[in-house]
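Residue-level structure breakdown
Okay, here's what each chain looks like letter by letter:
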Amino acid sequence: MKYNRLTLISLAATLLMTACGSKDSSTTTGNTAQPNAQAAPVVSVITAQAEDVDVTNTFTSNVEPFATNNIVSQTAGRIVSINAEVGQKVSKGQLLAKMDDVNLAKTRMQYVNDSTELGRLTELYKIGAISQADYDMAKLALNVTKKTYENLAENTYLRSPINGVVTARNYDKGDMYSMALPIFVVEQITPVKMLVNVSESLFTEVHKGMEFDITVDAYPGETFKGTVNLLYPTVNSATHTFPVEIICENKDQRLRPGMFARVTATFGTNHNVVVPDVAVVKQQGSGEHFIYVLNSDNTVTYTKVELGRRMGSRYEILSGINEGDRIVTEGQVRLKNGVNVTVK
């Protein structure tokens, strides 16, 4: 069979393209990488251990003065002198202010006259010149005048009834005292006290003299000691708590009224599992906590746990984990419940 030249050229081109296509297909197929199995996540594990953990409760409160005294006069009058300032430490019996003493001077004169009159009547009574009733009346009059004088003196010369510090002064020298506000407020801050509301479940655990640890934001890292001074005998039916008064000696007077305080006490011990905080996974949006537990077949179980007390970088576990369980402490990001893992 005879072919013309154009036909032969077309046939040759077709054969060449077919050969090239077969070669490229073969090459591509030979170089394609087959997918490998995904490597198991690498984790670190430890064996859970149990230990004695103190059972503690922390309560919030405010530091209060042990005693507060409002320094006032029983009657309105002009203030003659002011003898103390806010922040000043004062002693029991120290003069703080003096009021106008006109009434006191009048009563003093009456007291002197009544005393002189009783002396005269006493001599007459001894010789029988006056009756028993007249003599008793004179003694009574002197006694009333004396009490009146002493009361006026106490309300003219205003003194501090306690050792403390002046926390308020509401008047100046020369002001007319109107009894609307106290002239001074004196607070005893050695010791100070705190009132906390304790759950009724601890009613039998708290006793007078029991020690509490006290911390305040003003002195970070420092702990002050306090003791139970008073237990209220009734439980609030709405909150199921009862008030407990705690006092702190505060000899250096560093604790001041109004400071926010955290008061902590120990109520025995529990023997519970303790794990590093890095082992605990918090489920976002739920507030629940989990720990991956390593099984004997090298799979992990996503286990819900109940956290107790935090102690530095460790957590007490109240439930969910047993002593001897192997728990994951590193590599949780790639884990899912039931996945196989490689232990580092």
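Across its full length, the chain carries three helices and 20 strands. Within the chain, the proportion of its 344 residues that are buried is 31%. Considering only contacts within the chain whose residues lie at least 6 apart along the sequence, 72% involve residues at least 24 apart. Element-wise, carbon and sulfur atoms account for 52% of the exposed surface of the chain, whose accessible area totals about 21200 Å².

Let's shift gears to the confidence of the model for the chain. When pLDDT is averaged along the chain, the result is 89; 89% of the residues meet or exceed 70. Contacts from residues 18–36, a stretch scored under 50 in pLDDT, to residues over four places away or in other chains number zero contacts.

Take the sheet that holds strand β9 (residues 176–177) next. With antiparallel pairing, the four strands of this open sheet are ordered in space as β7-β6-β4-β9. One side of each edge strand has no neighbouring strand; the edge strands of this open sheet are β7 (157–159) and β9. Pairing of strand β4 (residues 77–82) with strand β6 (residues 95–99), which is carried by three bridges, proceeds in the antiparallel orientation. Of the residues in β6, the one forming a bridge with Ile79 is Met99. This element, helix α3 (residues 132–156), spans β6 and β7 of the sheet and lies at about 65° to β7.

Right, let's talk about the pattern of salt bridges for a bit. This model, assessed by the stated rule, comprises 13 salt bridges. Among the salt bridges present, the one from Asp101 reaches Lys98, with a minimum N-O distance of 4.0 Å. For Asp101, a relative accessible area of 29% corresponds to the partly exposed category. Judged by its relative accessible area of 22%, Lys98 is partly exposed. Linking Arg120 and Glu117 is a salt bridge whose minimum nitrogen-to-oxygen distance equals 2.6 Å. Taken together, the positions of Arg120 and Glu117, both in helix α2 (residues 102–126) and three residues apart, correspond to about one turn of that helix. Residues joined in a network through salt bridges with shared partners are Glu85, Arg169 and Asp172.

With that out of the way, let us pick up the pairing of strand β12 (residues 224–231). Here four bridges tie strand β11 (residues 211–216) to β12, and the two strands are oriented antiparallel to one another. Looking at β12, one finds that Phe212 is bridged to Gly226. Relative to strand β13 (residues 241–248), β12 is paired through four bridges, and the arrangement is antiparallel. In the sheet register, Val228 faces β13, and the bridge partner there is Ile246.

Right, let's talk about the side chain of Ser81 for a bit. Here Ser81 is to be found in strand β4. We classify Ser81 as buried; its relative accessible area is 17%. Excluding its chain neighbours within four sequence positions, the residues that come into contact with Ser81 are Leu96, Ala97, Lys98 and Lys173.

A grouping of Met137, Leu140 and Val144 is seen on the molecular surface, where their side chains present a nonpolar patch of about 300 Å² in accessible area. When you line up the elements, Val144 lands in helix α3. Taking relative accessible area as the criterion, Val144 reaches 46% and is therefore assigned partly exposed.

Now for the packing of aromatic side chains. A complete count under the given rule lists seven aromatic pairs for this structure. Aromatic pair Tyr292 and Tyr302: ring centres 4.9 Å apart, planes at 40°, arrangement tilted. Here Tyr292, found in strand β16 (residues 289–294), pairs with Tyr302, found in strand β17 (residues 300–311); they are 10 residues apart in sequence, far enough to count as distant. Tyr302 gets classed as partly exposed once you look at its relative accessible area, which sits at 27%. Site record: aromatic cluster; members linked through ring pairs are Phe290, Tyr292 and Tyr302. Positioned above the aromatic ring of Tyr219 is the side chain of Arg254, whose terminal nitrogen or guanidinium carbon lies 4.1 Å from the ring centre.

About the cut-offs
Residues numbered from 1 in each chain as written. Predicted model: local features only at pLDDT ≥ 70, side-chain atom pairs only at ≥ 80, totals over all residues. Heavy atoms only, no water. Helix = DSSP H or I, 4+ residues; strand = E, 2+ residues; numbered from the N terminus. Buried < 20%, exposed > 50% of the residue type's maximum accessible area, 1.4 Å probe, protein only. Contact = heavy atoms within 4.5 Å. Areas by Shrake-Rupley, 256 points an atom, 1.4 Å probe, with all protein chains shown as cover. pLDDT = per-residue confidence, 0-100. Pairing = 2+ DSSP bridges. Axes fitted to C-alpha atoms, helices over the stretch in contact; angles between N-to-C directions. Salt bridge = Lys/Arg side-chain N within 4 Å of Asp/Glu carboxyl O. Patch = residues over 30% accessible without salt bridge, like charges linked within 9 Å, V, L, I, M, F, W, Y side chains within 5 Å. Phe/Tyr/Trp six-rings, centres within 6.5 Å; stacked < 30°, edge-to-face > 60°. Lys NZ or Arg CZ within 6 Å of the ring centre and 35° of its normal.

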